[in-house]
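Chain by chain, the residues:
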Amino acid sequence: MADSTRALVSAILAFSTLLVTAALWRHPVALIVLVFAVGIGIFFLRPTRPSLVVYAVGFVFGPTAEVLGIHAGAWRYSTNDFLGIPIWLPFVWGNAALFIQNTGEFATSVLSPRRRRDAVPQVPSQASPTERERV
C-alpha cells in the first residue's frame, strides 16, 4: 500500500474513533469494543512491535495526563468511571498515539531528502572509473 493511501486510511480511522466516541460515550462497553476494533485497523497499517509500544504508551500516559489535569481542577468528564476519567478513554488515547505515529512516518517519508537521492540514477558498482565519470 502506498504511503499516501496508508496515511489517508489512518486519518479516516482516527476520525472514526472520534465519531464513534461522540455517538457512543454513554455506552462504554460498545464504545470500547468499536474503538479497539478501529485501533486494530490502525495498527495493521504498520504492524510492528514499536507500534504496539506506541499504543501502550498512549494507552497509559494519555489518560495519566488527563487524570492529573482533572485532579488539578482544569476540567472534568461527565462520566468519571475510573480516577475521574471514562473507562473508554485509554483506548481512544491508544488510537491517537498510533495515528500520530503513522502521521509522523508519512511526513518523514514525504519530506526525507533520501527520496530525492533515490531519484538520481545510480552508477553500477562494476563500472570502471572512466564509465562512472561519463554518467
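Anything mentioned here points back to the structure above.
The structure presented is a predicted model; accordingly, all values stated were derived computationally and were not measured.

What counts, and where the lines are drawn
- Residues numbered from 1 in each chain as written.
- Predicted model: local features only at pLDDT ≥ 70, side-chain atom pairs only at ≥ 80, totals over all residues.
- Heavy atoms only, no water.
- Helix = DSSP H or I, 4+ residues; strand = E, 2+ residues; numbered from the N terminus.
- Buried < 20%, exposed > 50% of the residue type's maximum accessible area, 1.4 Å probe, protein only.
- Areas by Shrake-Rupley, 256 points an atom, 1.4 Å probe, with all protein chains shown as cover.
- Phe/Tyr/Trp six-rings, centres within 6.5 Å; stacked < 30°, edge-to-face > 60°.
- Core = buried A, V, L, I, M, F, W, Y, C linked by side-chain atoms within 4.5 Å.
- Contact = heavy atoms within 4.5 Å.

J.: Would you mind showing me how to read the overall build of the protein here?
T.: Assigned secondary structure in the protein consists of six helices and zero strands. N-terminal to C-terminal, the α/β element order of the protein is α-α-α-α-α-α. Residue burial in the protein is summarised as follows: out of 135 residues, 31% are buried. For the protein, the exposed area adds up to about 9,000 Å²; of that, 69% sits on carbon and sulfur atoms.

J.: Would you mind showing me how to read the packing of aromatic side chains here?
T.: Each aromatic ring pair is described using two quantities: the centre-to-centre distance and the angle formed by the ring planes. Throughout the structure, instances matching the rule amount to four aromatic pairs. Aromatic side chains Phe59 and Phe91 sit 5.0 Å apart centroid to centroid with 90° between the ring planes, which places their arrangement in the edge-to-face category. Taken together, the residues span a long stretch of sequence, with Phe59 in helix 3 (residues 49-71) and Phe91 in helix 4 (residues 89-111) at a distance of 32 residues. By relative accessible area, which is 28% here, Phe59 ends up partly exposed. Among the aromatic residues, those joined into a ring-pair cluster are Phe36, Tyr55, Phe59 and Phe91.

J.: It is not clear to me how unusual backbone geometry should be interpreted in this structure. Could you clarify?
T.: Even without a glycine there, the phi angle at Leu83 is positive, about 55°. Following the sequence through the fold, Leu83 ends up in the loop between helix 3 and helix 4.

J.: Looking at this structure, how should I read the nonpolar core?
T.: A general feature of soluble globular proteins is that nonpolar side chains tend to end up buried together. Counting residues in each nonpolar core, the largest one holds 16 residues, and the members touching the most others are Leu31, Val35, Ile85, Trp88, Phe91 and Leu98. Among the secondary structure elements, those contributing two or more residues to this core are helix 2 (28-43), helix 3 and helix 4. Sort the elements by how many residues they give to this core and helix 2 lands first, with six residues. Ile85 has contacts with Pro63, Glu66, Val67, Ile70, Tyr77, Thr79 and Asn80, leaving out every residue within four places of it along the chain.

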